[in-house]
Amino acid sequence: MNPMNWKPSNPLSVDQDRTLEQAESSMPVRLIATFDGLKTTTPEAPVSQALGIANEGGFDYLPVRHEVHGPFIGLFDRSSFQSENQLVRDVYYPIGPTDLISAETSLLHFVWTANQQPRRLVLEGTAIRGIVTLSDIQKLPVRIALFSLFIHFELLLTEHLRQKVGNKDPLSFLSEVRANLVRGKWQQFIASNMDQDIFSAMDLCDKREVAQAMKVLGRSNNLIKSEIWDIEHYLRNPIAHGAEYAENREAAGRTITAAIATKEWIDEFRVALSAHDS
């Protein structure tokens, strides 16, 4: 095919609501929860025994049963005790209304709330069958969902910048070094018939600089800089490069905060772009 006759489609020219709904429903909590080999403890067990079970399996939490094969009544947190001589009954958390989640719930729903509720017992129908915890956000299905979230964010950011910049030269908002790098990449794109516009040659850090200069969505320069920096370094980069982003609770919390910020940017960009088109 003659490359001159090729016209790429607009990646946002789809029903975004339906796309997001389908994407979320196809990634349920059951894909990251622990069902098989679920380890539990009981109220009368010594904390030392519960710790041994948790440490052996690498678990932060253990479901608590009334007795070995009895109903689930709570959760043991291996970081919440004062002495290993205590009994589990002295330190476990009874099941509350926010401690349960359906296996079919979107895993992103768990992600959005994991900073406040880092562990939930998982229901299949009305029966508790498993557990999902904060550390599970490193698993492949979450990586796929979060990277899709980032892609949506950058597409919307780029489209919004195109509208805001208009006929101005976006390179004028960059440092001389970055402008020259973008210009060089752009010339390579043109030579390979891959050009769309200059934004396609920009890295996220360049788009962030333009966004700051344009004060997109009425946000302050500092807020734009800090939130997009966090999205890039705590969400985009570790997922794109196969790195860990939830190696501890603090790191997991940063990732979740960046993911929530990404979702908020997406929602606001969609409103702004819809208002521009109407």
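Coordinates for the structure precede this section.
Residues numbered from 1 in each chain as written. Predicted model: local features only at pLDDT ≥ 70, side-chain atom pairs only at ≥ 80, totals over all residues. Heavy atoms only, no water.

A. Looking closely at the overall build of the protein. Counting its regular elements, the protein contains 8 helices and 6 strands. For the protein, the sequential pattern of α-helices and β-strands runs α-α-β-β-β-β-α-β-β-α-α-α-α-α. Relative to its length of 278 residues, the protein is extended, with a C-alpha radius of gyration of 24 Å against a globular reference of 19 Å. If one aligns the C-alpha atoms of the protein with their principal axes, the spans along those axes are about 70 × 35 × 35 Å. (Helix = DSSP H or I, 4+ residues; strand = E, 2+ residues; numbered from the N terminus. Rg over C-alpha atoms; globule rule 2.2 N^0.38 Å.)

B. Broad picture of unusual backbone geometry. In this structure, K215 takes a positive phi of about 50 degrees despite not being glycine. Non-glycine residue L217 carries a positive phi angle of around 55 degrees. Positionally, L217 belongs in the loop between α6 (204-214) and α7 (221-240).

C. Highlighting the pairing of strand β5 (residues 119-124). Within β5, 5 of the 6 residues are buried, which leaves it mostly tucked inside the rest of the structure. Inspection of the sheet shows strand β4 (residues 100-102) paired to β5 by 3 bridges, in the parallel sense. Counterpart to L100 in the pairing with β5 is L121. In this view, the connection linking β4 to its parallel neighbour β5 by way of helix α3 (residues 107-113) has right-handed handedness. As defined by bridge partners, β5 adjoins strand β6 (residues 127-133) across 6 bridges and the pair is classed as antiparallel. Among the inter-strand pairings, R120 is bridged to a residue of β6, identified as V132. The turn joining β5 and β6, which pair antiparallel and follow one another in sequence, is formed by 2 residues; a positive phi near 70 degrees is taken by G125. (Buried < 20%, exposed > 50% of the residue type's maximum accessible area, 1.4 Å probe, protein only. Pairing = 2+ DSSP bridges. Right-handed = clockwise from strand over helix to strand, strands pointing away.)

D. Broad picture of the nonpolar core. Counting residues in each nonpolar core, the largest one holds 57 residues, and the members touching the most others are I137, L146 and F153. Going through the elements one at a time, α3, α4 (140-165), α5 (176-191), α6, α7 and α8 (249-277) are the ones with two or more residues in this core. It is α4 that contributes the most residues to this core, 10 residues altogether. Apart from the residues within four sequence positions on either side, I137 is in contact with F110, V111, V142, Y245, A246, A252 and I256. Among the nonpolar cores identified, the runner-up in size contains 10 residues, and A45, V47, L51 and A54 belong to it. (Core = buried A, V, L, I, M, F, W, Y, C linked by side-chain atoms within 4.5 Å. Contact = heavy atoms within 4.5 Å.)

E. Highlighting α4. With 26 residues, α4 extends 37 Å between its outermost C-alpha atoms, agreeing within 8% with the 38 Å of an ideal straight helix rising 1.5 Å per residue. At the C-terminal side of α4, G166 shows a positive phi close to 60 degrees. (Expected span 1.5 Å × (residues − 1).)

F. Up close: the environment of S48. The topology assignment puts S48 in helix α2 (residues 47-57). Of the residues examined, S48 reaches a relative accessible area of 35% and is grouped as partly exposed. Through-space distance from the C-alpha of S48 to that of F81 is 10.0 Å; in sequence the pair is 33 residues apart.

In short, geometric facts, not functional conclusions.
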